[in-house]
There are 2 protein chains.
Amino acid sequence: MSSWNEYSTENKDRFLEELLGLLRIPSVSADSKYKEDVARCAEAVKEHLLKAGCDTAEVCPTAGHPIVYGEKIVDAKLPTVLVYGHYDVQPADPLELWHSGPFEPVIKDGKIYARGACDDKGQMFMHIKALETMVKTGNVPCNVKVMIEGEEEVGSVNLGKFLQDNKERLKADIVLVSDTSMISMEHPSIESGLRGLSYMEVEVTGPNRDLHSGVYGGAVANPATILCKLIASMHDENNHITVPGFYNKVQELSAAERKAINDAPFDLDEYKKDLQVGDVWGEKDYTTLERTGIRPTLEVNGIWGGYTGEGAKTVLPSKAYAKISMRLVPHQVSDEISGLFAKHFESIAPASVKVKVTAHHGGEPVVTPTDSPAYQAAAKAIKTTFGKDPIPTRGGGSIPIIALFERTLGLKTVLLGFGLDNDNIHSPNEKYDVANYFKGIETIPYFHKYFAESFGGNGMGI
Amino acid sequence: MSSWNEYSTENKDRFLEELLGLLRIPSVSADSKYKEDVARCAEAVKEHLLKAGCDTAEVCPTAGHPIVYGEKIVDAKLPTVLVYGHYDVQPADPLELWHSGPFEPVIKDGKIYARGACDDKGQMFMHIKALETMVKTGNVPCNVKVMIEGEEEVGSVNLGKFLQDNKERLKADIVLVSDTSMISMEHPSIESGLRGLSYMEVEVTGPNRDLHSGVYGGAVANPATILCKLIASMHDENNHITVPGFYNKVQELSAAERKAINDAPFDLDEYKKDLQVGDVWGEKDYTTLERTGIRPTLEVNGIWGGYTGEGAKTVLPSKAYAKISMRLVPHQVSDEISGLFAKHFESIAPASVKVKVTAHHGGEPVVTPTDSPAYQAAAKAIKTTFGKDPIPTRGGGSIPIIALFERTLGLKTVLLGFGLDNDNIHSPNEKYDVANYFKGIETIPYFHKYFAESFGGNGMGI
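Because the structure is predicted, anything quoted here is derived from the model rather than measured. (Residues numbered from 1 in each chain as written. Chains lettered and ligands numbered in written order. Predicted model: local features only at pLDDT ≥ 70, side-chain atom pairs only at ≥ 80, totals over all residues. Heavy atoms only, no water.)

Colleague: Just checking my understanding: could you explain the overall build of chain A for this structure?
Modeller: Tallying secondary structure elements over chain A gives 13 helices and 18 strands in all. A compact globule built from 462 residues should have a C-alpha radius of gyration of about 23 Å, and chain A, at 23 Å, falls within 12% of that. Summarising its shape, the C-alpha atoms of chain A cover approximately 80 × 50 × 45 Å along the three principal directions. Scored against the burial criterion, the 462 residues of chain A give a buried share of 64%. Here the contacts in chain A between residues at least 6 apart in sequence split such that 78% fall between residues at least 24 apart. When the accessible surface of chain A is split by element, carbon and sulfur atoms take 52% of a total near 16,600 Å². (Helix = DSSP H or I, 4+ residues; strand = E, 2+ residues; numbered from the N terminus. Rg over C-alpha atoms; globule rule 2.2 N^0.38 Å. Buried < 20%, exposed > 50% of the residue type's maximum accessible area, 1.4 Å probe, protein only. Contact = heavy atoms within 4.5 Å. Areas by Shrake-Rupley, 256 points an atom, 1.4 Å probe, with all protein chains shown as cover.)

Take a look at the structure:
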């Protein structure tokens, strides 16, 4: 199979340059003012799919941002891999903390700095370049279908309908996604599970207008103060979440399972040093790896209210807001948790304020059995290119649509991620290591090969 | 003295038009981008002082925004009144809540709508028009000095030095200020006391960068969550403030004093209806009038951190901030309280975050004895123009520089305010009733007359 490596080595510079071009498009799906850039990015992805050798590729409109779909059918009898990725990115703010423009990619110390470098343009594009490599070397072990959406960062709100409407066309044997991270290049790993998500927004209204904090202060409920009290009450002294029923469906893992998770290489001092925190924080009686992997959480993603400008304004605000999201573990159901949260939040608000709770997107947790042929093919591909077996881990993040694939298409998913936890995804100075980018392009074809072979003999469906 | 009334009646339209002109200048002192408008406003005030008949008037530069000073000396033997006011205004945001432009004054239902209409351009300008009235009718009962500053809304940071440098020039017998409110036109009142202020800003830092709330959530202290916990802990279940030592110097008022305060006309249902709140909120065992008048408070004026834009961003923020101010009552000292707050806030922050506490401006509480000649002159002036005795009240707001006048110039202050609590000062749709504006212009000359007379005989210093 060395021809694969030869081809990608020969085209290294172009593969990198093409990614930088994609990173220059500010495809921020959450902010409507980037709508045209998102559309422009979709067109670019389509062009790259055709260039890579897809038989067909098109930009499929949705009620929101478009989905790009392309496919390379080698032989109907061969197994089919459906590759999923997303070309949209998180907002870049706070801009002042970036060392270089979020949409002016630069390569420094072997790292590509740009919004989306890792999440998910860099990882998604590895698949397009791997496909090109397989096609141009005349060695495509299975059929490949590629679906790249533009709304992953806003909850994939229109993907469900697309899957429903295209069941036939999307028929496959497995979904392959690179939108997760591994422990390190020295310790390659594969995420065997992901957390679900419930994302809420709350609005607390006190008086019907902003008031002078001297004239009214002390006599009227301050919505910012009340919001703080409500949020503070969401964790008890052991950092357990206090929403009634929140843990009802959470299953305790066995001692063996917890040991496996804690056996993963992890250096707490390194972790604290990297984040420059005096101490970690979290649920009592669980380790950091458990807190991020197998335990549900509740986090404030944003809070605002009153005067936040320069100087001092003595105002008692009329409203205060917060964005609060919960990560869910297997068996918790996003809609149920959102409902429990809303009910609880409304129930604990005092009579002196009004509260409004709305749910943003959610998603269900997923687990990929490590003994499945697809996981095994991924593990073997890693072994081939890294020279060692991958460690199975539980990812703390969420890719809500994976549960959707299972529900709508009846397909399992393999998470073959090449990111690193310090890639600053969703943060200023997001980066992706050049080495990981090319390691991904090198590894992906082997997944296709081993997955096809798992169907018997030479990979032909016989 | 009817000639005063005749003159102001004849010039009613112009008096109003001139005020609107002043309100069109966005003299926001807190926001540096309005620096030139603030300077322009100072020039306008100087011109009005000369036009009103001041012997001299000038714009005095300071390290910040300028102070305008003018004087009309009738006879060195007569007593002198030092009028204080401010031409700067609060920021206008949130702009979207204004029914008309904050700096495009409109008159509707007998009310002038604009930022600064009441606080303090409208009230300050009454004194300039009252002075013009006295001068043009040849009837000025005492010497009048007028000092109008441009930094009241940002803590009068440069006024102290100005007072020090101009002690001689500012020699007077009393300070007269119209920057407060009365209960209503039917129930005229005079504020016999004001609360002090300590205004703090806090910054809570968790990890050194924004993080993905899935990858790190549950394992790293979220500064927004911690900030909420810290703020929530600032009031106990009885809404007493928990900062150690905060109440040490607060003196309980006698039953008689509390009765006098609670005898003031006040309709709790009206109050709740006006603010559209289900219930009031505040310190246990005190009435609303006591909570805003004689008790110290702690209010969140602003809070922000994380993602506050459109849609959903799953970020665990690096920093969260809040502006928190405390209103102080007699004997509490602003610097001491600021120190106690900072010490307490730092002491309760967990090791997993860093906190930074900075103090904005502060001010000391003041009380004006109701038996003083100056207060009596004000009461008599109100009686003359309103036909009834004013009710002495305790104002909840703060005019920090009043304590400064006493300390630096050795002068007491009379608070002859014509605003109403529903004037929305510091809020969208600030207004000032046209009737109150002219009632002020009508009343002020009588204060000068009665105050001068209190010095004996015909008001001549003999």
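Colleague: What is the right way to read the relation of the copies chain A and chain B from this model?
Modeller: Relating one copy of the chain to the other requires a rotation about an axis plus a shift along that axis. Screw-axis analysis of chain A against chain B gives a translation of 0.0 Å along the axis, an RMSD of 0.0 Å, and a rotation angle of 180°. Such a combination of turn and shift is consistent with a two-fold rotation axis. The residues that chain A uses at the interface reappear at the interface of chain B in 100% of cases, marking a shared surface. (Least-squares fit on C-alpha atoms with pLDDT ≥ 70 in both.)

Colleague: Sorry if this is basic, but what is going on with the side chain of S318 of chain B here?
Modeller: All names here are of chain B. Along the chain, the position of S318 falls in the loop between β12 (315-316) and β13 (319-328). Polar contacts involving the side chain of S318 include one to the main-chain carbonyl oxygen of P207, which spans 2.6 Å. What S318 contacts, discounting residues up to four positions off in sequence, is V204, T205, G206, P207, N208, R209, D210 and P223. (Polar contact = N/O pair within 3.5 Å; in protein donor to acceptor, adjacent residues only side chain to side chain.)

Colleague: Could you clarify how one ought to interpret helix α3 (residues 35-52) of chain B in this entry?
Modeller: Side chains three or four residues apart in an α-helix point the same way, a direct result of the helix having 3.6 residues per turn. Under the 1.5 Å per step criterion, the end-to-end length of α3 of chain B is 26 Å for 18 residues, consistent within 8% with the ideal 26 Å. Two residues or fewer past α3 of chain B, G53 of chain B is found with a positive phi of approximately 115°. (Expected span 1.5 Å × (residues − 1).)

Colleague: Can you help me understand the sheet that holds strand β17 (residues 413-415) of chain A in this one?
Modeller: The strands making up a sheet are joined through hydrogen bonds of the backbone, oriented either antiparallel or parallel. Residues and elements named next belong to chain A. Here we have 6 strands laid out as an open sheet, ordered β1-β2-β6-β3-β7-β17, and mixed in their pairing. Strands with a single pairing partner mark the edges of an open sheet, and in this sheet they are β1 (56-60) and β17. Averaged over all adjacent pairs, the angle separating strand axes in this sheet is 20°, with direction ignored. As paired elements, strand β2 (residues 67-72) and strand β6 (residues 143-149) share 5 bridges and run antiparallel to each other. Across the sheet, the residue bridging to E71 is K145, located in β6. Together, β1, β2 and β6 form the strand contacts of helix α3 (residues 35-52), whose direction differs from that of β1 by roughly 170°. Packing against the sheet, helix α13 (residues 434-453) makes contact with β3 (80-86), β6, β7 (174-177) and β17, and its axis sits at approximately 145° to β3. (Pairing = 2+ DSSP bridges. Axes fitted to C-alpha atoms, helices over the stretch in contact; angles between N-to-C directions.)

Colleague: Just checking my understanding: could you explain the sheet that holds strand β4 (residues 106-108) of chain A for this structure?
Modeller: Residue and element names in this part refer to chain A. The strand order β4-β5-β18 describes an open sheet built from 3 strands, whose pairing is antiparallel. Edge strands, defined here as strands with exactly one partner in the open sheet, are β4 and β18 (431-433). Within this sheet the neighbouring strands show an average axis-to-axis angle of 25°, counted without direction. With 3 bridges joining them, β4 and strand β5 (residues 111-113) adopt antiparallel strand pairing. Note on β5: the bridge partner recorded for I107 is I112. In the packing of helix α2 (residues 12-23) onto the sheet, the strands contacted are β4 and β5, and the crossing angle to β5 comes to about 20°. Strand contacts of α13: β4, β5 and β18, with the helix running at about 60° to β18, the strand carrying the most contacts.

Colleague: Help me understand the pairing of strand β8 (residues 189-194) of chain B in this model?
Modeller: Put simply, side chains in a regular strand alternate between the two faces of the sheet. All names here are of chain B. Taking burial as the measure, the 6 residues of β8 include 6 buried ones, the bulk of the element. The pairing of β8 with strand β16 (residues 391-394) spans 4 bridges and is parallel. The residue bridging E191 from the neighbouring strand is T393, located in β16. Pairing between β8 and strand β15 (residues 366-367): 2 bridges, direction antiparallel. Pairing of L194 across the sheet is with V366, part of β15.

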